[in-house]
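Here are the chains, one letter per residue:
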Amino acid sequence: MNTVKSLFLFSLILLGVNGFTQTNKVIEFFPKGTVLHGNIPYNNNNLPKHLLDIYLPPNAKGKLPLVIFVHGGGWLVNDKYADMGYMRKTVAEIVNSGFALASIDYRFASDAIFPAQIQDCNRAVSFLVDNADKYGIDKNRIAVMGFSAGGHLASLMGLSKNNNIEAFFMPGTNRSFTFKAVVDFYGPAELILFPGSDDPKSPESILIGATPLSRPDLAKAASPVTYADKNDPPFLIIHGEKDDMVLPKHSQLLSSWLTVAGVQNELIIVKGAPHFGEMFDTDELRKKVISFLKGRLN
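Residues numbered from 1 in each chain as written. Predicted model: local features only at pLDDT ≥ 70, side-chain atom pairs only at ≥ 80, totals over all residues. Heavy atoms only, no water.

**Student:** Whenever I open this one, the overall build of the protein confuses me. Can you help?
**Tutor:** Within the protein, the regular secondary structure consists of nine helices and eight strands. For 298 residues, the compact-globule estimate of 2.2 N^0.38 gives 19 Å, and the C-alpha radius of gyration of the protein, at 17 Å, lies within 12% of that figure. By principal-axis analysis of the C-alpha atoms, the protein measures approximately 55 × 45 × 40 Å. Taking the contacts inside the protein whose residues are at least 6 apart along the sequence as the reference set, 76% of them involve residues at least 24 apart. Counting every atom, the protein has about 11700 Å² of accessible surface; 54% of that belongs to carbon and sulfur. Charge-centre separation for the protein: the mean point of 29 positive side chains lies 5 Å from the mean point of 28 negative side chains. (Helix = DSSP H or I, 4+ residues; strand = E, 2+ residues; numbered from the N terminus. Rg over C-alpha atoms; globule rule 2.2 N^0.38 Å. Contact = heavy atoms within 4.5 Å. Areas by Shrake-Rupley, 256 points an atom, 1.4 Å probe, with all protein chains shown as cover. Lys, Arg positive; Asp, Glu negative; His and termini not counted. Charge placed at Lys NZ, Arg CZ, Asp CG, Glu CD.)

Laid out in structure tokens, this is it:
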């Protein structure tokens, strides 16, 4: 995550079969009979980045626990189909296990700097809560899962919600929700930790509109570790040992802050794994993720 160029190359790999359009090309990853509600506007406007998809298990009965899926891409690229390509067995198992899955888009930092991204994520959750009955969702059983920049946003959602940060919500947004669990795949936890924290062209600088070193106040406000306290939900944190885009130190630091605060968390460092890829979709890790979600949402 040191250069914008690397992120665009990264996005090409991440998207793979998914493409750059809003046509759903990942439904084939899900169990046969999965019910798709696609391209739902969650903010009463026509912005393509204010859309979400809902995947429901076949023949679902009763209100379903919800897992919110937040894509990666350095806050600059990708869409709500990204990351599913190399995590296809995991997303299929989430739905197979009786969870609803909602994948959300959010504005890029090149279009709107932070806190626009967390505002969008929280607005999407608000929409899902407001429309829980319509889609058969249990608004009291919500977890959030994110990858890379999406891991940053998922962590930020889970950690900051109980702090009720005014700037993290759009005006008039329903805030009557909580997160029961967070699954963070290699998300940035502290912006100052990045080697590019003094580079104005780095993704983290574009995110906050200044280099983290020149504006540590903005960097602090956008860093998940800032909001760790005893009232936060349990975390499952997964990071690649050989990650050279978001160093494992990010997840190690987040886990340490959560432990100090008394928050239940587990950190898994995947031996030999890079920043993303099929090494995170193994049977062992998939079982960990599903067990964690079932333990907090069922």
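**Student:** Can you walk me through the environment of Gly-38 in this structure?
**Tutor:** Secondary-structure assignment places Gly-38 in strand S1 (residues 35-41). Remark: the alpha-carbon pair of Gly-38 and Leu-258, spanning 220 residues in sequence, is separated by 35 Å. With residues near it in sequence (within four places) discarded, Gly-38 still touches Leu-52 and Asp-53.

**Student:** What am I meant to see in helix H3 (residues 116-130) here?
**Tutor:** Each full turn of the α-helix corresponds to 3.6 residues, which orients residues three or four apart in the same direction. For H3, built from 15 residues, the straight-helix expectation of 21 Å at 1.5 Å per residue is met to within 8% by its first-to-last C-alpha distance of 21 Å. Taken across its 15 residues, H3 has 14 buried, putting it largely inside the fold. (Expected span 1.5 Å × (residues − 1). Buried < 20%, exposed > 50% of the residue type's maximum accessible area, 1.4 Å probe, protein only.)

**Student:** I tried to follow the sheet that holds strand S8 (residues 265-270) on my own but got confused; where do I start?
**Tutor:** One key point about sheets: their strands pair by backbone hydrogen bonds, in either a parallel or an antiparallel sense. Spatial strand order, S1-S2-S4-S3-S5-S6-S7-S8: eight strands in an open sheet with mixed pairing. Each end of this open sheet is capped by a strand with a single partner; those strands are S1 and S8. Averaged over all pairs of adjacent strands, the angle between their axes in this sheet comes to 15 degrees, without regard to strand direction. Relative to strand S7 (residues 235-240), strand S6 (residues 181-185) runs parallel, the two being bridged by four bridges. Each bridged residue has a counterpart across the sheet, and for Asp-184 the counterpart in S7 is Ile-237. (Pairing = 2+ DSSP bridges. Axes fitted to C-alpha atoms, helices over the stretch in contact; angles between N-to-C directions.)

**Student:** Quick question: what am I supposed to make of the side chain of Asn-24 here?
**Tutor:** Position of Asn-24 relative to the elements: it lies in the loop between helix H1 (4-15) and S1. Look at Asn-24 and you get buried, because its relative accessible area is 18%. In this structure the side chain of Asn-24 is engaged in a polar contact, spanning 3.1 Å, whose partner is the backbone nitrogen of Val-26. At 3.0 Å, the side chain of Asn-24 forms a polar contact with the backbone nitrogen of Ile-27. With residues up to four places along the chain from it excluded, the contact list for Asn-24 reads Leu-36, Asp-53, Tyr-55 and Tyr-81. (Polar contact = N/O pair within 3.5 Å; in protein donor to acceptor, adjacent residues only side chain to side chain.)

**Student:** For this particular structure, what's the right way to read the packing of H3 against helix H5 (residues 149-160)?
**Tutor:** For the pair H3 and H5, the least separation of the axes is 10 Å and the interaxial angle reads 65 degrees. Relative to H5, the element H3 is oriented roughly perpendicular. Crossing of H3 over H5 shows right-handed handedness. Across the interface between the two elements, Gln-117, Ile-118, Cys-121, Asn-122 and Val-125 of H3 pack against Leu-153, Leu-156 and Met-157 of H5. (Parallel < 35°, antiparallel > 145°, perpendicular 65-115°, else oblique. Left-handed = near helix turned anticlockwise from the far one by under 90°.)

**Student:** Teacher, can you tell me more about the packing of helix H2 (residues 88-96) against helix H9 (residues 283-297) here?
**Tutor:** Two quantities define a packed helix pair, namely the angle between the axes and the distance from one axis to the other. The interhelical angle for the contact between H2 and H9, taken along N-to-C directions, is 30 degrees, at an axis separation of 10 Å. The angle between the axes of H2 and H9 places the two elements in the roughly parallel class. Considering how the two elements wind past one another, H2 and H9 form a crossing that is right-handed. Residues Lys-89, Thr-90, Glu-93 and Ile-94 of H2 form the contact with H9, whose own contacting residues are Arg-286, Ile-290 and Leu-293.

**Student:** What am I meant to see in the packing of aromatic side chains here?
**Tutor:** By convention here, two paired aromatic rings are described through the distance between centres and the angle between planes. Taken as a whole, this structure holds twelve aromatic pairs when the rule is applied. Relative to Tyr-55, the ring of Phe-30 has its centre 4.1 Å away and its plane inclined at 10 degrees; by these criteria the two rings are stacked. You can see Phe-30 sitting in the loop between H1 and S1 and its partner Tyr-55 sitting in strand S2 (residues 51-56), a full 25 residues away along the chain. For Tyr-55, a relative accessible area of 0% corresponds to the buried category. Three or more aromatic residues joined by ring pairs form one cluster here, namely Phe-69, Tyr-86, Phe-147, Phe-185, Tyr-186, Phe-276 and Phe-280. The ring of Phe-177 has Lys-161 sitting right over it, with the charged end atom 4.8 Å from the ring centre. (Phe/Tyr/Trp six-rings, centres within 6.5 Å; stacked < 30°, edge-to-face > 60°. Lys NZ or Arg CZ within 6 Å of the ring centre and 35° of its normal.)

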